[in-house]
Each structure stands twice: as structure tokens, then as C-alpha cells.
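Below are the chains, spelled out letter by letter.
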Amino acid sequence: MADPSSYRPKPGQIPDSPGVYKFRDEHRRVIYVGKAKNLRQRLANYFQDLAALHPRTRTMVTTAASVEWTVVSTEVEALQLEYSWIKEFDPRFNVKYRDDKSYPYLAVTLNEEFPRVQVMRGAKKKGVRYFGPYGHAWAIRETVDLMLRVFPVRTCSAGVFKNAARTGRPCLLGYIGKCSAPCVGRVTPEEHRELAVDFCDFMAGRTGTYIRRLEKDMMAAAEEMEYERAARLRDDVEALKRAMEKSAVVLADATDADLIAVAEDELEAAVQIFHVRGGRVRGQRGWVTDKVENVDTSGLVEHALQQLYGEETGDSVPKEVLVPALPEDPDSISQWLADRRGSHVSLRIPQRGDKKDLMATVQRNAQQALGLHKTKRASDLTTRSRALEEIAEALGLDTAPLRIECFDISHLQGDDVVASMVVFEDGLARKGEYRRFQIKGFEGQDDVRSMHEVIGRRFKRYLQEKERTGEWEETPAPTGPVPAADGDTVAPTGAAGGTGTALLPAVAPRTNTSPGPETALTGETVTGPGADPVPDSAPDPDTEPREDDGRPKRFAYPPQLVVVDGGQPQVAAAKRALDELGIDDIAVCGLAKRLEEVWLPDDDDPVVLPRSSEGLYLLQRVRDEAHRFAITYQRAKRAKRIRSSPLDAVVGLGETRKQALIKHFGSVKKLKQATIDEICEVPGIGRRTAESVAVALASAAPATPAVNTATGEIIEEDDGGSTT
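Just so you know, these numbers come straight off a predicted model, no measurement behind them. (Residues numbered from 1 in each chain as written. Predicted model: local features only at pLDDT ≥ 70, side-chain atom pairs only at ≥ 80, totals over all residues. Heavy atoms only, no water.)

> What is the right way to read the overall build of the protein chain from this model?
The number of helices and strands found in the protein chain is 19 helices and 24 strands. Looking at the protein chain as a whole, 47% of its 724 residues qualify as buried. The long-range fraction of contacts in the protein chain, counting pairs at least 24 apart against all pairs at least 6 apart in sequence, stands at 64%. Carbon and sulfur atoms provide 50% of the accessible area of the protein chain, an area that totals close to 36,000 Å². (Helix = DSSP H or I, 4+ residues; strand = E, 2+ residues; numbered from the N terminus. Buried < 20%, exposed > 50% of the residue type's maximum accessible area, 1.4 Å probe, protein only. Contact = heavy atoms within 4.5 Å. Areas by Shrake-Rupley, 256 points an atom, 1.4 Å probe, with all protein chains shown as cover.)

Right, here's the structure in full:
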């Protein structure tokens, strides 16, 4: 526990300008980000008597080891920079709203030649029009099914679309009138896009125009005695009205607004948002968060606005935002919202009428969400705590292992040998810190040797991080190069040094730092992505650059417990790797699949946990997750190797020209039979490249023919050179 006075800035060192500040812990990890109109006044509040601080604030300042600040020119810039840093650094003491699920949206892909209507989740894409979010995907599909009668927009995938275009036959929806079948040319791209735009207009709330137009056409058809067409138009009108009924009218003045309500107690807070478009509730979503910082309702509202609109632009930000309490600086927030929308945004508290009544409904939803979350959380938290205590007791640990890392080896008969590392903190998976390894020290199948290599590489990185950040203990330190994880050598480095950097606020903020007692901090202002890679596509950690910028490091934080997938040999290998590095404060155990026995180093007999033990269940979950992550990576590597083509060996031949060759000749088999002059006929292929292609194909070993197991026929290679 650090003493805040040890890193308190000197009097007069902090400017009285608006800006954003960061607290870092002893590992240089950013643990809290805040903004202020006056940095000097705000930071002074953190360095008063500890007894006078809120318990959460006291925990934060005693966990921190240094503080830095960045001066900006306006309060709106401070708001934008605070949001960017919270998103980049993921500070543990900041309020962060997290969705309990990925909400589905109704999306129209206007960025495609033939726009498609579909259900989409996750990050929003440029050029796609979104409506929602909805509580359930089936609600979107019901709405779309009704509207396709009037707006027969394409809903099929790219593969189905291409297949229909190739065969000249539309899918079932094209035959029953729920798709205009642009795949077979029934409508032009312009006509189909017009249908998609009309679909979007209707979903955006401009409904009256289309219903009146259909009713007028219906009456005209009836007068001309085209009764079948009139009946079809009547059914179209009814379908649109049923689609409208699925979102009730709540505001009579066709208002576009978002209503935000907050329910909170001393420990947690729940936020509910109703998205009202054209006077109708078009979507609903909610978040729950732990109150890890001392924050009131206005602060929670401000955090919710940042979370909700931080990535939105244009019409995604409504004209009106109704909240239960105004943020501390409502003018700056309103200006920030207006900048994101491109026009004025009203931020206010509803005082009377329908909007106040609807706000009460949103508030009740927030209260119910908080109650439901607390009911679930009480059970989950109790179970996780009991599991960690059981593990600590069974393994003889002094404290519960709040951070557990598990390693697993995966291969297929000795080929494509890889390893995985998964991280669980407080009994929950921390997927952003998952890592994967390629075994580099040898070839072949040897799980014990592979485990020794992986553990050694992971903790060599940890020791290098300690040395680089100045945490290395002054017990005999190496004077020569330090072995790196991949077998290379890395020269020893000291603590990060540097001074504050002054930059123009309009281009890059000016940053100053107040270093802690043992390490000097650089205080640089960091830009660029801060999130770790998605776990299932994370790059090999031994080839990734790392910066001393406060973002979560790959190997900077040691676990209290290392779990290996295996028995006594794997545990001994892991322990030996730690001993060789001089690490003796990290516990090691292994979980054997056969009898689910827990093995400890130097013990001849395993520890047997009861089958009903929560501790055993947690270890099984950790082990199974490591196995899943490892085998996913191994299969991906194997699939990539199998899909290799003889053209890969041609130096300077990129993917575009490969595809051009395959498209021109139809297959690698036909390309192999072509002459150099024929290859030169392909656009972009010169004679030297054609000669290289011919040589590579001539020297390539013939692929093993694929066999249809149902008929026994040999399948000839016609798929562009892939082998199976």
C-alpha cells in the first residue's frame, strides 16, 4: 500500500487549466482516469487526509504510485480525451458499464451494391444503417417478415446470392414475393436500392407516407376492378400496421429522444435506456456496473452518456436526451453530443407530461434490472469466493488465488504444436489477457518439453517487464544480456525515464507527470488503439511490440497460481522452468483428465478434491477453457497450412495476382498446363513472373487426390489449388 504523500506533486506544479489526469500503480498500469475544469483544485482533493476520503477513493490513492495529467484547451476536449483513455486503458477504478449480453440490431447494409436486411450484433460498421437495439432477435425477424411484403429487400447471404445469380434461379423468397430477386435481374440495382431506402425510412418513423400511398393505390385498383391487386395492397397495409403495433406510441409529438434512467445503491448501479424514434419505442438496452469510484447520480449519467454515444455519429445521436439528473457540466456534455450529431442536442430533465411518465417507466425498468442482477450476483459471488477458498486450502496457499493462469499444449500427431495461456481473475475469465504460443525450441511430440518451454517463455517476459519498469530486486542482477523468450538476447534496461512533454492543445495535449518515489515516469500522451487483440485471433506474443504506456501488458502481472493441463510430469516441468528463473513465490499445480486429480510439485500422491467441490469445478473450467483456446489455435494453423497453394512459393506474387491467375485459367491444374506465353496474357503478369510461376508449379509435389467417401470417386483438383 503506497502513501499518497510519496508521489504528491509539488506545490504550484499542477496547472489550473482544464485537463485529464491518470493515476498509475506500481506496475505502471493506469488504474483511474478523470477530468477536471481546474486540475489543481481537483487533484488537491485526492491528497487530503486519508480518513476524510471516501473508502473507494482511499483505496484508489493508496493503490496508485504516481499521477500524471494532460492539459487541454477546452472542457469538451477534456471530455473526449477522458472517454478515449477509459476505453484505451480500461482502468479498474473507473465506472464502466458492461452489457450483460450483445443486443441485436436490425441492419440494412447500404454499403453494398444490393443492400441486405439482416440481424447484426457487435461493433457497428461504416455504411450500415442500424435500427434498435431489440431485446430478442425473433422480434426483429417478425418485423422484417411483415415488412418484406411491402419492401421486398434482399435478406440472403452473399453465398446464396452468388449461387442464385450463377444458376439463374432465385431463392424461395423470390418465388413467394418477399424478395425482389435482384440476383436474377428482376429489378435493377437502382430499383433495389430505392426499396432499401424506403425500408429505412419506414423503420425511422416516416410511416404515414407509405400507408397513405398504399391505401390510395388500393382504392384505385378497386375502382378499376382489379380486385386481386386491391386485396394484395390491403394485406400490405395490414402488414405495415401490424409491424407498427409492435412498437407502441409513447410520445404523441413524434419525438426522437433517448431516455436514460439510473437505479443505484451503495455498491452497484443499473442504467436503462429507451430509444424513442418517431414517438415510438424502437429499442431498449441496459447496463449494470460496480461503483468502484465515489460517484453520484449525475456522475453515473455522465459515464452512461460517454458509453452510449462515444462511438456514435449523425442520426444515431438523437435530438433530445432525457436524463434523471444533469451531469456536473451539462453545457460541455451538450456541446460534445452536438459535435457528434452535427446539430443541436437538448440534454434535460423531463418535468411534466408524457415524457415524465415515460421516464418513470424507464426508472422502474432500471430498478427491476438492478434487483435481478443483485439476485444473480449474490449467488455467483458467493460460489466463486468459496471455490477460491477451497483451492487455497487444498493447495496450502496463504491467500486465495485471485489470478490463475492455465497452460495447455495442443498438436496433431506432433505437427503444428502450439500452447495456450488463459487467465481467470476472481474466478472469471479475463479473455483480453489470453495468449497463445508456437513451440519453437524443437519439433515433434513432447508435451513435457513443450510445457517447460512455454512456462519459461512466459515468465522470462515477466522478469524482463520487472527489470524494465525498475521493479527488479537488487539481488545479483545480470550484467550481461538477458535471455529473451524466443532464444534471442535482450540487453538489460533500467526504469523508464523521461520528463513531461509540452504539446500544443489543438494538435496534441501537453502532459506533465509527478513521478513516484522509485521510478521516473515519462508522462507521454498516448494515442492509438489500446485494447488487446481478440483472444481467438491474438498474434503470437513473442513477436508483438510492447510500449510503456500504461495499457494492460501481456506478461507484466504475475499469477498467484499456475495450472497446467496434465499430471505429474507436466507439473514437474513447469516447476523446473520457474526454478531456473529463480521464481519461488508462484504456486503450481496440474489437473489430470483421467481422474480429475490435482498434482503438486514433489508430491508422489495427488490431491483429490470432492466431486461436489466448487474448487474442483473452477479448476475444471479453467483447464477446459485452456484446452478450447489451444485446440482452436491449432486447428486454425493446420487449416492455414492445408490451404496452401504451389503459388505461395512464387516470390512477389501477391493475393490479387494469384486470384487473377486462377480466375483466368479456372484452376491450378489448368494453370500448370499453360505455357509461359499464355500465362503472360493475364493482366499484371510479366514474363519474369510467368517464368517463376511455371517453375514453381513444375517443381511442386503432386497433391494427394481427394476421395469421395460415399462413392469412392477421386475428386479432381478444380478449386484454385487448395489441397485436402
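Don't stop here, the text continues.
> Can you help me understand the layout of surface pockets in this one?
Empty space left among the atoms is revealed by rolling a probe the size of a water molecule over them. Considered as a void within the structure, the second largest pocket measures approximately 750 Å³ in volume. Lining the second largest pocket are 31 residues, and of these Arg129, Tyr130, Arg277, Asp315 and Ser316 lie nearest its centre. Within the residue set of the lining of the second largest pocket, elements represented by two or more residues are strand 7 (129-131), strand 9 (268-277), strand 10 (280-290) and helix 10 (297-309). Examining the composition of the lining of the second largest pocket, we find that 3 residues originate from one element, strand 7, more than from any other. (1 Å grid on protein atoms, 1.4 Å probe; cavity = no way out; pocket = protein on both sides within 12 Å on 5 of 7 lines; lining within 4 Å. Points joined across faces, edges and corners; volume = space filled by probe spheres on them.)

> Is there a simple way to think about the pairing of strand 21 (residues 587-592) in this case?
In the case of a regular strand, side chains alternate between the two sheet surfaces. Within strand 21, 5 of the 6 residues are buried, leaving the element largely enclosed by the surrounding structure. Sheet topology note: the strand 20 (residues 561-565)/strand 21 ladder contains 5 bridges and is parallel. If you follow Val563 over to strand 21, its bridge partner there is Cys589. A crossover links strand 20 with its parallel partner strand 21, the connecting element being helix 14 (residues 568-580), and its sense is right-handed. Summarising the sheet, strand 21 and strand 22 (residues 597-599) pair through 3 bridges and their orientation is antiparallel. Across the sheet, Gly590 pairs through a bridge with Trp599, a residue of strand 22. (Pairing = 2+ DSSP bridges. Right-handed = clockwise from strand over helix to strand, strands pointing away.)

> Is there a simple way to explain the side chain of Asp565 in this structure?
Here Asp565 lies in strand 20. Of the residues examined, Asp565 reaches a relative accessible area of 8% and is grouped as buried.

> Would you mind showing me how to read a nonpolar patch on the surface here?
A surface patch of nonpolar side chains, about 360 Å² in accessible area, is lined by Leu172, Tyr175 and Ile176. Position of Tyr175 relative to the elements: it lies in helix 6 (residues 172-175). For Tyr175, a relative accessible area of 54% translates into the label exposed. (Patch = residues over 30% accessible without salt bridge, like charges linked within 9 Å, V, L, I, M, F, W, Y side chains within 5 Å. Salt bridge = Lys/Arg side-chain N within 4 Å of Asp/Glu carboxyl O.)

> Explain helix 2 (residues 55-63) to me, please; I cannot follow it from the model alone.
Since the α-helix advances by 3.6 residues per turn, residues separated by three or four positions end up pointing in the same direction. Along helix 2, the positions that sit buried rather than exposed are Arg56, Thr57, Met60, Val61 and Thr62. Where the residues of helix 2 are buried, they touch strand 1 (19-25), strand 2 (30-36) and strand 3 (64-71).

> Can you walk me through unusual backbone geometry in this structure?
The phi torsion of most residues other than glycine is negative, and most of the peptide bonds are trans. Despite not being glycine, Met225 has its phi angle at roughly 60 degrees, a positive value. Its place among the elements puts Met225 in the loop between helix 8 (208-223) and helix 9 (227-245). Using a relative accessible area of 60% as the deciding quantity, one classes Met225 as exposed.

> Teacher, can you tell me more about the pattern of salt bridges here?
Oppositely charged side chains can form a pair if their charged atoms are brought close together. This structure, assessed with the given rule, holds 29 salt bridges. With a shortest N-O distance of 3.9 Å, Glu82 and Lys35 are connected by a salt bridge. Taken as a pair, Glu82 in helix 3 (residues 75-89) and Lys35 in strand 2 lie far apart in primary sequence, 47 residues in all. In this structure, the salt-bridge partner of Lys575 is Asp579, at a minimum N-O distance of 3.7 Å. Separated by 4 residues within a single helix, Lys575 and Asp579 lie in helix 14, roughly one turn from each other. Assessed through its relative accessible area of 45%, Asp579 is described here as partly exposed.

> For this particular structure, what's the right way to read the nonpolar core?
Generally speaking, soluble globular proteins have nonpolar side chains that are buried together. Within the largest apolar cluster, 27 residues are counted, with the highest numbers of intra-cluster contacts made by Leu106, Phe151, Phe199 and Leu240. Every element with two or more residues in this core is listed here: strand 5 (105-108), helix 4 (137-147), helix 7 (189-203), helix 8 and helix 9. The contacts of Leu240, once residues within four sequence positions are left out, are Met147, Val150, Phe151, Phe202, Ile211 and Leu214. In terms of nonpolar packing, the next biggest core, distinct from the first, is built from 26 residues, Ile455, Tyr462, Leu463 and Val588 among them. (Core = buried A, V, L, I, M, F, W, Y, C linked by side-chain atoms within 4.5 Å.)

> Honestly, the sheet that holds strand 6 (residues 117-120) in this entry has me stumped. Any pointers?
Adjacent strands of a sheet pair through backbone hydrogen bonds, lying either parallel or antiparallel. Overall, antiparallel pairing links the 3 strands, which are arranged 6-5-7 in an open sheet. Edge positions in the sheet fall to strand 6 and strand 7, since each of these pairs with one other strand and no more. The average undirected angle you get between the axes of adjacent strands in this sheet is 30 degrees. (Axes fitted to C-alpha atoms, helices over the stretch in contact; angles between N-to-C directions.)

> What's the story with the packing of aromatic side chains in this structure? I'm lost.
For any two aromatic rings, the description comes down to two numbers: the centre-to-centre distance and the angle of the planes. As enumerated under the stated definition, the model contains 15 aromatic pairs in all. On the numbers, 6.4 Å between centres and 80 degrees between planes, the contact of Tyr7 with Phe23 is edge-to-face. Residue Tyr7 is found in the segment before strand 1, and its partner Phe23 is found in strand 1; the two are separated by 16 residues along the sequence. Assigned by exposure class, Tyr7 and Phe23 land together as buried. For the cation-ring pair, Lys22 lies above Trp85, with the distance from its terminal atom to the ring centre recorded as 4.2 Å. A cation over a ring is seen here: Arg458 above Phe459, with NZ or CZ 4.5 Å from the ring centre. (Phe/Tyr/Trp six-rings, centres within 6.5 Å; stacked < 30°, edge-to-face > 60°. Lys NZ or Arg CZ within 6 Å of the ring centre and 35° of its normal.)

> Any chance you could explain helix 3 here in plain terms?
The terminal C-alpha atoms of helix 3 lie 21 Å apart, and with 15 residues this matches the ideal 21 Å at 1.5 Å per residue to within 8%. Those residues of helix 3 that fall on the buried side of the exposure criterion are Val76, Ala78, Leu79, Leu81, Glu82, Tyr83, Trp85, Ile86, Glu88 and Phe89. Summarising the contacts, the buried residues of helix 3 are in contact with strand 1, strand 2, strand 3, helix 10 and helix 11 (330-341). Count one or two residues on from helix 3 and you reach Asp90, which has phi positive near 50 degrees. (Expected span 1.5 Å × (residues − 1).)

> Teacher, can you tell me more about the environment of Ala366 here?
Assignment of secondary structure puts Ala366 in helix 12 (residues 353-395). With 105 residues separating them along the chain, Ala366 and Ala261 place their C-alpha atoms 6.5 Å apart. Setting aside residues up to four positions removed in sequence, Ala366 forms contacts with Ala261, Val262, Ala263, Ala270 and Gln272.

> Before we go on, may I ask you to explain the packing of helix 13 (residues 447-468) against helix 14 in this structure?
A pair of packed helices can be characterised by two numbers: the angle between their axes and the separation between those axes. Contact geometry for helix 13 and helix 14: axes closest at 8 Å, N-to-C directions at 35 degrees. As for how helix 13 packs across helix 14, the hand of that crossing is right-handed. Contacts from Asp447, Val448, Met451, His452, Ile455, Gly456 and Phe459 in helix 13 reach Pro569, Gln570, Ala573, Ala574, Arg576, Ala577, Leu578 and Glu580 in helix 14. Here the residues of the contact of helix 13 with helix 14 sort into 9 nonpolar, 3 polar and 3 charged. (Left-handed = near helix turned anticlockwise from the far one by under 90°. Nonpolar A, V, L, I, M, F, W, Y, C, P; charged D, E, K, R; others polar.)

> Where do I start with a negative patch on the surface in this structure?
Judged by side-chain charge, Glu113, Glu190, Glu191 and Glu194 come together as a negatively charged surface patch. Secondary-structure assignment places Glu194 in helix 7. (Lys, Arg positive; Asp, Glu negative; His and termini not counted. Charge placed at Lys NZ, Arg CZ, Asp CG, Glu CD.)

Purely geometric numbers; function is a separate question.
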